[in-house]
Amino acid sequence: MEPIRYGIIGTGSTVGIARNHILGLNQCSDIKLSAIYDIDEKQALRTYKECGLTDTVICKSWEELLEHSDAIGICLPNSLHVEYAVRALQAGKHVLIEKPVSTNAESLGELLEEEKKHPGQVAMVCFNYREFPIYQQIKKMLDAGDMGQIYRFHLQLGGNRIANKQVGLEWRMDRRTSGAGAVSDFGCHLLDIIHYLLEPCCGPIIELKALLSTSIPERRDLADGSMRKVTNDDSGVFIGKMKNGAVFSCDTSRIGMWRHSIEIAGEGGMLYGNFDQDDVLWIWKKEKEGPYQTREQIPVSGLQGHAGILQNFADCVQGKAVNYRTVAYAGRVQAMIDSMERTGSWSWEDEK
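In short, a report on the structure. (Residues numbered from 1 in each chain as written. Predicted model: local features only at pLDDT ≥ 70, side-chain atom pairs only at ≥ 80, totals over all residues. Heavy atoms only, no water.)

## Quick word on helix 6 (residues 133–143)
Point 1. Buried residues dominate helix 6, accounting for eight of its 11 residues.
Point 2. Of all the positions in helix 6, only Pro-133, Ile-134, Tyr-135, Gln-137, Ile-138, Lys-139, Met-141 and Leu-142 are classed as buried.
Point 3. Each element contacted by the buried residues of helix 6 is listed here: strand 7 (150–158), helix 9 (187–202), strand 13 (261–266), strand 14 (269–274), strand 15 (280–286) and strand 16 (292–299).
Point 4. Downstream of helix 6 by one or two residues, Gly-145 has phi in the positive range, about 80°. (Buried < 20%, exposed > 50% of the residue type's maximum accessible area, 1.4 Å probe, protein only. Helix = DSSP H or I, 4+ residues; strand = E, 2+ residues; numbered from the N terminus. Contact = heavy atoms within 4.5 Å.)

As structure tokens, then:
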């Protein structure tokens, strides 16, 4: 079977998430990078050179990208995700949409309808942390019941780049193009991990409460140098409760987060994963009816970055796996974030 031809739209002028897709594709079988396209051809050429690409077409138009691709990776600002995902599906292509799926859940109507019209095409949202080795090991242990009843857990995820006040106002700092800020950019990943790892043993999330903050309220306009208002959050903290009674907290920030980590406590002890050490999972064992005992490390290994989700995407395209990261699922995650941003809370009753 010929490898799936994967085309990327949007190579980025700052973070450039497309590069993560390119690095991931280098670790995958059954799927290869065939073409890239950016409205700014200089940006596409820079990505081509810096990523050491040799047999990839730099396209001059969206239509040319479609000609060279079986599947499209959408690495555009959030406000453009729906438009180009719809256009890709209508052109007969599979799509992998960067998260968050859009600026808000209400904007997804056309894409949800288009997704239903093309059951033979994969429309997946890029919640890429599920395949990370630490999370894969945790899932095995939770699914096996090793931890017993879960009492509490904590997750955190963020970045540091735009703690620098000299970084200008980018699309991700404007809610018209981004939607919410850190609580969406990073929080959608955390909600996905909670769904993937913890809902099977704890039941669904029934309640969320959030506090958001914009610490750097103005940034320099990249076009004219004037100071403009930042219109979404730099940091967000939210707490929640699962159906089984387990409580949790999540930290997100784009202006200062030391590490990506997860901590889970239950009847059988505690699990701790620190992604500064992504090849190790800590376990502090406990008798279910007694005290904590030994603490040890378990080595873990596997695909990192975007490699895992890109391989799963390829497997779904080839009928070897089921797509669980659908647009409809991502829309439910986005609705939780929208409600937390709008009112500071979300509840199970809201969804019902």
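So much for the structure itself; the text now carries on.
## Remarks on the nonpolar core
Point 1. Among the nonpolar cores identified, the biggest contains 73 residues, and Tyr-135, Ile-138, Leu-198 and Phe-238 are the most heavily contacted of them.
Point 2. Among the elements that make up this core, the one with the highest residue count is helix 9 (nine residues).
Point 3. Once you skip the residues sitting within four places of it in the chain, Ile-138 turns out to touch Leu-197, Ile-262, Ile-264, Leu-271 and Leu-281.
Point 4. Core analysis: the second largest hydrophobic core is formed by 25 residues, Tyr-6, Ile-36, Ala-71 and Cys-75 among them. (Core = buried A, V, L, I, M, F, W, Y, C linked by side-chain atoms within 4.5 Å.)

## Remarks on the packing of helix 6 against helix 9
Point 1. Viewed as axis vectors pointing N to C, helix 6 and helix 9 meet at an angle of 15°, and their least axial separation amounts to 9 Å. Judged by the angle between their axes, helix 6 and helix 9 are roughly parallel. Crossing geometry of helix 6 relative to helix 9 is assigned as left-handed. Across from Tyr-135, Gln-136, Ile-138, Lys-139, Leu-142 and Asp-143 in helix 6, the residues of helix 9 making contact are Ile-193, Tyr-196, Leu-197, Leu-198, Pro-200 and Cys-201.
Point 2. Residues belonging to the contact of helix 6 with helix 9 are distributed by class as follows: nine nonpolar, one polar and two charged. (Axes fitted to C-alpha atoms, helices over the stretch in contact; angles between N-to-C directions. Parallel < 35°, antiparallel > 145°, perpendicular 65-115°, else oblique. Left-handed = near helix turned anticlockwise from the far one by under 90°. Nonpolar A, V, L, I, M, F, W, Y, C, P; charged D, E, K, R; others polar.)

## So, the environment of Tyr-37
Point 1. Note that Tyr-37 resides in strand 2 (residues 31–37).
Point 2. Residues Tyr-37 and Asp-278, 241 residues apart in the sequence, show an inter-C-alpha distance of 32 Å.
Point 3. Discounting residues that sit within four places of it in the chain, Tyr-37 has contacts with Ile-8, Ile-9, Gly-10, Thr-11, Cys-59, Lys-60, Ser-61, Trp-62 and Leu-65.

## Some remarks on the pairing of strand 8 (residues 205–213)
Point 1. Across eight bridges, strand 8 lies against strand 11 (residues 235–242) in antiparallel orientation. From the neighbouring strand, Ile-205 faces strand 11, where its bridge partner is Met-242.
Point 2. Bridging between strand 8 and strand 17 (residues 345–347) involves three bridges; their strand directions are antiparallel. Following the sheet pairing, Glu-207 is matched in strand 17 by Ser-347. (Pairing = 2+ DSSP bridges.)

## Thoughts on the sheet that holds strand 11
Point 1. Across the sheet, nine strands lie side by side as 16-15-14-13-7-12-11-8-17; this open sheet has mixed pairing. Because the sheet does not close on itself, it has two edges, and the strands there are strand 16 and strand 17. Averaged over all neighbouring strand pairs, the angle between strand axes comes to 10°, with direction disregarded.
Point 2. Taken together, the six bridges between strand 7 and strand 13 define a ladder with antiparallel strand orientation. Within the sheet, the bridge partner assigned to Phe-153 lies in strand 13 and is Ile-264.
Point 3. On top of the sheet, helix 6 reaches strand 7, strand 13, strand 14, strand 15 and strand 16; it is set at about 30° to strand 15, its chief contact.
Point 4. Its contacts with the sheet place helix 11 (residues 327–343) against strand 8, strand 11 and strand 17, and it is angled at close to 135° to strand 17.

## A look at the sheet that holds strand 2
Point 1. Pairing is parallel in the open sheet, where six strands are placed in the order 3-2-1-4-5-6. Of all the strands in the sheet, the pair left with one neighbour each is strand 3 (57–58) and strand 6 (123–125).
Point 2. Judged from the four bridges that link them, strand 4 (residues 71–74) and strand 5 (residues 94–97) form a sheet pairing that is parallel. Its bridge partner lying in strand 5, Ile-72 is registered against Val-95.

## Topic: unusual backbone geometry
Point 1. For the peptide bond that leads from Lys-99 to Pro-100, omega is -15°, which places it in the cis range.
Point 2. Notably, Asp-30 is not glycine yet its phi reads approximately 75°, a positive angle.

## With respect to the pattern of salt bridges
Point 1. Throughout the structure, instances matching the rule amount to 23 salt bridges.
Point 2. Residues Lys-60 and Glu-41 are paired through a salt bridge, measuring 2.9 Å at the closest nitrogen-oxygen approach. With Lys-60 in the loop between strand 3 and helix 3 (62–67) and Glu-41 in helix 2 (residues 41–50), this residue pair connects regions lying 19 residues apart in the sequence.
Point 3. What makes Lys-60 exposed here is its relative accessible area of 60%.
Point 4. Looking at Glu-41, the relative accessible area reads 38%, which means it is partly exposed. (Salt bridge = Lys/Arg side-chain N within 4 Å of Asp/Glu carboxyl O.)

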